[in-house]
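Coordinate analysis (summary)
Below are the chains, spelled out letter by letter.
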Amino acid sequence: MEDLSLHILDIVENPILAGSSRIEVILEKKKKEDILILFIIDDGSGMDKETLDIVSSPFYSSKEGKRFGLGISLLKQAALETEGTFEINSKAGVGTEIKALFKSEHPDMKPLGDIMLTIRMLRLSHPEIEFYYEDRSNSK
Amino acid sequence: MKLKPEDLKKISEKMEASTNLRSGAGRAKITVHMGTCGIATGARDIMKAFLDELEASGKKDIIFTTTGCAGLCSHEPMATIEIQGESPVKYVHLTKEKVKIIFEEHVLNGNIVKGSALGRGSERVG
């Protein structure tokens, strides 16, 4: 993926398929620490622990007949390449939360891209789902 | 915030337009493939190009939707056009310019754009 906005568009496919009614995309920028955190939070079907353990593998997909699932593994790779971190927490029946932390000044940090275009495309293609976007930029 | 009657009218019109994108009895259906492979090769711009054409046309009988990977990753970005009563046609290696031609020729006039089409049919049965 060229930029983070495309990763978001890609990743959000998962909570859409998991039957979410609300998906939150939150960008938290901590300028003084050169950190950018991306949260993707949904109220979809969630995952059990066994699935959660393997979901970051590129050789896992929940879709029938598919042997690969690159979305989560590519986002994780993008975060880790900046010496950041990647966490995914989920509870069956409750929802899933992804937290990808990027070191924003790292040479391998990808550009943000057109986040608003991503959100607009998501809203237009899935009007039945509420997409919430928040940019928590601050100078701390 | 208090809503005024004209605000409600605007919301109603907006909802009607957005609902039209996903459901209803459409004469034609546009499906853009938005799997990881599609997005990595520019599917978002293709989606925007189709939506721009759709908006400019003012047509209300065209359904727009998205789907995932069709298993033909090397042919992305891709879209499937389906005219009611006809087999779906897959278009591959799309560009904004091709989208414009496909929209005008196939979606609006029903003529398959052979140079950009991979073939007829769906990637899944059932």
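It should be emphasised that the depicted structure is a prediction, and the values quoted were computed from it without experimental measurement.

Cut-off values and rules
Position labels on residues start from 1 in each chain and follow its written sequence. Lettering for chains starts from A, numbering for ligands starts from 1, and both go in the order in which the items are written. Confidence filtering applies because this is a predicted model: local features only for residues at pLDDT of at least 70, side-chain atom pairs given and counted only at 80 or more, and all residues used for totals across whole chains, interfaces and linings. To get an axis, a line is fitted to the C-alpha atoms, and for a helix only the part in contact is used. The angle between two axes follows their N-to-C directions and goes from 0 to 180 degrees. Runs of E in the DSSP output that reach at least two residues are strands. Runs of H or I that reach at least four are helices, and both are numbered from the N terminus. In this scheme, roughly parallel covers angles under 35 degrees and roughly antiparallel covers those over 145, while 65 to 115 is roughly perpendicular and the rest are oblique. Each helix crossing is assigned a hand: it is left-handed if the near helix lies turned anticlockwise from the far helix by less than a right angle, otherwise right-handed if that turn is clockwise. Here contacts are defined at the residue level, using C-beta atoms placed from the backbone and a cut-off of 7 Å between them. Only Asp, Glu, Lys and Arg are considered charged, only Ala, Val, Leu, Ile, Met, Phe, Trp, Tyr, Cys and Pro nonpolar, and every remaining residue, Gly among them, polar. Per-residue confidence from the prediction method is given by pLDDT, with values spanning 0 to 100. In these notes, a nonpolar core means any group of buried Ala, Val, Leu, Ile, Met, Phe, Trp, Tyr and Cys residues linked to one another through C-beta atoms within 7 Å. Partly exposed residues are those whose C-beta has more than 12 but fewer than 20 other C-beta atoms within 10 Å; with 20 or more the residue is buried, with 12 or fewer it is exposed, and the C-beta atoms are placed from the backbone. As used here, the arc belongs to the directions running from the helix axis to the C-beta atoms. Multiply 1.5 Å by the residue count of a helix minus one, and that product is the helix's expected span. Paired strands, as defined in this entry, are two strands with at least two bridges between them according to DSSP.

All names here are of chain B. Where helix α3 (residues 43–57) meets helix α4 (residues 96–108), the closest approach of the two axes is 9 Å, and the angle between their N-to-C directions is 45 degrees. The pairing of α3 with α4 is recorded here as oblique in orientation. Where α3 crosses over α4, the two elements pack in a sense that is right-handed. On α4, the residues touching D45, I46, A49, F50, E53 and S57 of α3 are K96, V99, K100, F103 and L108. Residue composition of the contact of α3 with α4, by class: 6 nonpolar, 1 polar and 4 charged.

Attention now moves to the confidence of the model for chain A. Taken as a whole, chain A shows an average pLDDT of 89; of its residues, 95% reach a score of 70 or greater. The lowest-confidence element of chain A is helix α3 (residues 49–54) of chain A, averaging 81 in pLDDT; the highest-confidence one is strand β2 (residues 35–42) of chain A, averaging 96.

Turning next to the interface of chain A and chain B. Each side of the interface is counted separately: chain A has 14 residues, and chain B has 15 residues. Where the side of chain A that touches chain B is concerned, the elements lending two or more residues are α1 (4–11), α4 (71–80) and α5 (115–125) of chain A. Sort the elements by how many residues they give to the side of chain A that touches chain B and α5(A) lands first, with 5 residues. For the side of chain A that touches chain B, the per-class residue count stands at 9 nonpolar, 3 polar and 2 charged.

So, on to the nonpolar core. Counting residues in each nonpolar core, the largest one holds 51 residues, and the members touching the most others are V12(A), I30(B), V32(B), I46(B), F50(B), A79(B) and I81(B). Ranked by residues supplied to this core, first place goes to α3(B) with 6 residues. Those residues in contact with I81(B) that sit more than four places away from it in its chain are A28(B), I30(B), P88(B), V89(B), Y91(B), I102(B), H106(B) and V107(B).

Take the environment of S61(A) next. Residue and element names in this part refer to chain A. By secondary structure assignment, the location of S61 is in the loop between α3 and α4. Overall, the presence of 17 C-beta atoms within 10 Å leaves S61 in the partly exposed class. Sequence separation between S61 and L124 is 63 residues, and the spatial gap between their C-alpha atoms is 26 Å.

Moving on to α4(A). When we look at burial in α4(A), the residues that qualify are G71(A), I72(A), L75(A), K76(A), A78(A) and A79(A). Down the axis of α4(A), the smallest arc covering the buried residues is 160 degrees, so these residues share one side. Summarising the contacts, the buried residues of α4(A) are in contact with α1, α2 (13–17), β3 (85–91) and β4 (95–103) of chain A together with α2 (36–40) of chain B.

The end-to-end C-alpha distance of α3(B), which contains 15 residues, comes to 21 Å, matching closely the 21 Å that a straight helix rising 1.5 Å per residue would cover. G58(B) sits one or two residues past α3(B) and shows a positive phi near 75 degrees.

The next subject is the sheet that holds strand β2 (residues 62–67) of chain B. All names here are of chain B. Pairing within the open sheet is mixed, and its 5 strands lie in the order β2-β1-β3-β4-β5. Of all the strands in the sheet, just β2 and β5 (117–120) have a single pairing partner and so form its edges. Between one strand axis and the next, the sheet turns by 20 degrees as a mean value, whatever way the strands run. Direction of pairing for strand β1 (residues 28–33) relative to strand β3 (residues 79–83): antiparallel, over a ladder of 5 bridges. In the strand pairing of β3, K29 is matched with E82. Along the sheet, α3 contacts β1, β2 and β3; its crossing angle with β1, the most-contacted strand, is approximately 160 degrees.

Moving on to the pairing of strand β1 (residues 22–30) of chain A. Residue and element names in this part refer to chain A. Examined bridge by bridge, β1 and β2 share 8 bridges and lie antiparallel to one another. Its bridge partner being in β2, I26 is matched across the sheet by F39. In this structure, the hairpin formed by β1 and β2 is closed by a connection of 4 residues, where D34 is found at a positive phi of approximately 55 degrees.

Turning our eyes to something else, we now look at the confidence of the model for chain B. Residues and elements named next belong to chain B. Averaged over all residues, the pLDDT of chain B equals 84, while 82% of them reach at least 70. Per-residue pLDDT, averaged within each element of chain B, yields its smallest value for helix α1 (residues 5–22) (63) and its largest for α4 (96). At the level of chain-chain contacts, confidence expressed as ipTM amounts to 0.81, with global pTM at 0.81.

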